Amino acid sequence: MHVVELAVCDTRVIAAIAQAPLTDGLAATMMAPLKNGIRLFGLALLDRLGSLFGRRPIYIPGHGRPGDLSIGATPDGPFGEKLMSPKDGTLWNDRVAARSLLRFSWRRPVPRAASVRVPFLLVVPEADTIAPVPAALQVARTAPGAELFRCTGGHYDVYEGGAGFVDALRTEVDFLHRHARTAAEGLS
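Below or above, wherever it landed, is the structure these notes cover. (Residues numbered from 1 in each chain as written. Predicted model: local features only at pLDDT ≥ 70, side-chain atom pairs only at ≥ 80, totals over all residues. Heavy atoms only, no water.)

## What to know about the overall build of the protein
Alright, step 1. Looking only at helices and strands, the protein features seven helices and seven strands.
Alright, step 2. Along the chain direction, N to C, the helices and strands of the protein fall in the order α-β-α-α-β-β-β-α-β-α-β-α-β-α.
Alright, step 3. Here the protein has a C-alpha radius of gyration of 18 Å; the compact-globule value for 188 residues is 16 Å, and the two agree.
Alright, step 4. Expressed as lengths along the three principal axes of its C-alpha atoms, the size of the protein is roughly 55 × 35 × 30 Å.
Alright, step 5. Burial statistics for the protein: of 188 residues in total, 37% are counted as buried.
Alright, step 6. Long-range pairs, those at least 24 residues apart, make up 74% of the contacts in the protein between residues at least 6 apart in sequence.
Alright, step 7. For the protein, the accessible surface area stands at approximately 10800 Å², while carbon and sulfur atoms represent 61% of it. (Helix = DSSP H or I, 4+ residues; strand = E, 2+ residues; numbered from the N terminus. Rg over C-alpha atoms; globule rule 2.2 N^0.38 Å. Buried < 20%, exposed > 50% of the residue type's maximum accessible area, 1.4 Å probe, protein only. Contact = heavy atoms within 4.5 Å. Areas by Shrake-Rupley, 256 points an atom, 1.4 Å probe, with all protein chains shown as cover.)

Here is the structure:
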C-alpha cells in the first residue's frame, strides 16, 4: 500500500513498481473468511487494549493454510512462507502484531492513484488470493501513465521460484531501463 503513496508524494522517486500490489486494505480484509476475520479483529482489539497498559504484542502468524488463524491463510500461504524464509539460517519470525490490523483495513490508497506523478508499473498476478486484483486494476486504470503487467500464478508467484517470476522480473527490468534512462537523461 505504501508504493502508491510514495509515487504520489516522494519527490526522490523517478519510477515505481508495485509487485502483487495490495492497494485496498478493506477489500483485502473482505477476502478473508468471516470466521477468521472475526477472530483476527477480536485479537487486534485485545492486543490494542493491552498496548495501552504496556503489554507485549499478541502476534499472529503471517502465513498459513486455509482455516488457520493467520494473515495469509490461503492455499499458497505455505509456499509464500517458504519463499520469504531466509535460506542462510537467519532468524525470522513470520508474524504480525495483531494491533497493526486495526489500521490496515482502513488504508485505501486507490483514490490517491490519480495523483501518481511518476512512471508506475503494476505487476498483478492473475490468481492473487491475498491482494485484491480488482483494486490493483483500478489503480492501473486511474494512475496517469501507469503500465499494467498481468503475470501467471498467485500472490507469491512473482518471487524467485514462483510461476510468474521470470516474466515479472523481465518486465520490471525493462520498465526500469526505459524510465531510469529517461530520468537520467533529463538530469544531464
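What follows continues from the structure just given.
## Some remarks on unusual backbone geometry
Apart from glycine, the bulk of residues carry a negative phi angle, and the bulk of peptide bonds sit in the trans form.
Alright, step 1. Even without glycine at this site, Ala 20 takes up a positive phi of about 50°.
Alright, step 2. Locating Ala 20 in the fold gives a position in the loop between β1 (16-19) and α2 (25-31).

## Re the sheet that holds β1
Alright, step 1. Read from one edge of the open sheet, three strands run β1-β6-β7, paired in parallel fashion. A strand with exactly one partner marks an edge of an open sheet, and here the two such strands are β1 and β7 (147-151). Recorded for the sheet is a direction-independent mean angle of 15° between the axes of neighbouring strands.
Alright, step 2. Relative to strand β6 (residues 120-125), β1 is paired through four bridges, and the arrangement is parallel. In the sheet register, Gln 19 faces β6, and the bridge partner there is Val 123.
Alright, step 3. Packing against the sheet, helix α1 (residues 2-9) makes contact with β1 and β6, and its axis sits at approximately 170° to β1. (Pairing = 2+ DSSP bridges. Axes fitted to C-alpha atoms, helices over the stretch in contact; angles between N-to-C directions.)

## Concerning the nonpolar core
Alright, step 1. Ala 16, Val 116, Val 118, Phe 120, Leu 122 and Val 139 are the most contacted members of the largest nonpolar core, which totals 20 residues.
Alright, step 2. Where this core is concerned, the elements lending two or more residues are α1, β1, β6 and α6 (133-142).
Alright, step 3. Considering each element in turn, this core owes the most residues, six residues, to α6.
Alright, step 4. The residues contacting Val 118, other than those within four sequence positions of it, are Ala 7, Val 13, Ile 14, Ala 15 and Ala 16.
Alright, step 5. In this structure, Ala 20, Cys 151, Val 158 and Ala 168 belong to the second largest nonpolar core, which totals eight residues. (Core = buried A, V, L, I, M, F, W, Y, C linked by side-chain atoms within 4.5 Å.)

## Thoughts on a nonpolar patch on the surface
Alright, step 1. A cluster of nonpolar side chains, namely Leu 49, Leu 52 and Phe 53, defines an oily patch on the protein surface of about 360 Å² accessible area.
Alright, step 2. For Phe 53, the location among the structural elements is in the loop between α3 (34-52) and β2 (59-61). (Patch = residues over 30% accessible without salt bridge, like charges linked within 9 Å, V, L, I, M, F, W, Y side chains within 5 Å. Salt bridge = Lys/Arg side-chain N within 4 Å of Asp/Glu carboxyl O.)

## Observations concerning the environment of Asp 94
Alright, step 1. For Asp 94, the position within the fold is in the loop between α4 (77-84) and β5 (95-97).
Alright, step 2. Separated by 71 residues in the primary sequence, Asp 94 and Phe 165 place their C-alpha atoms 22 Å from one another.
Alright, step 3. Those residues within four positions of Asp 94 in sequence are excluded, and the remaining contacts are Ile 60, Pro 61, Gly 62, His 63 and Glu 81.
Alright, step 4. Within the structure, Asp 94 has its side chain in polar contact with the side chain of His 63 (distance 2.9 Å). (Polar contact = N/O pair within 3.5 Å; in protein donor to acceptor, adjacent residues only side chain to side chain.)

## Some words on the pattern of salt bridges
Close approach of charged atoms lets side chains of opposite charge pair.
Alright, step 1. Throughout the structure, instances matching the rule amount to seven salt bridges.
Alright, step 2. When the shortest N-O distance is used, the salt bridge between Arg 112 and Glu 5 registers 3.3 Å. You can see Arg 112 sitting in the loop between α5 (101-104) and β6 and its partner Glu 5 sitting in helix α1, a full 107 residues away along the chain.
Alright, step 3. Glu 147 is paired through a salt bridge with Arg 178; the nearest N and O atoms lie 2.8 Å apart. Note that Glu 147 is positioned in strand β7 and Arg 178 in helix α7 (residues 165-187), a separation of 31 residues in sequence.
Alright, step 4. Taking the relative accessible area as the measure of exposure, Glu 147 reaches 23% and is therefore partly exposed.
Alright, step 5. In this structure, a network of salt bridges that share partners links the residues Glu 147, Asp 174 and Arg 178.

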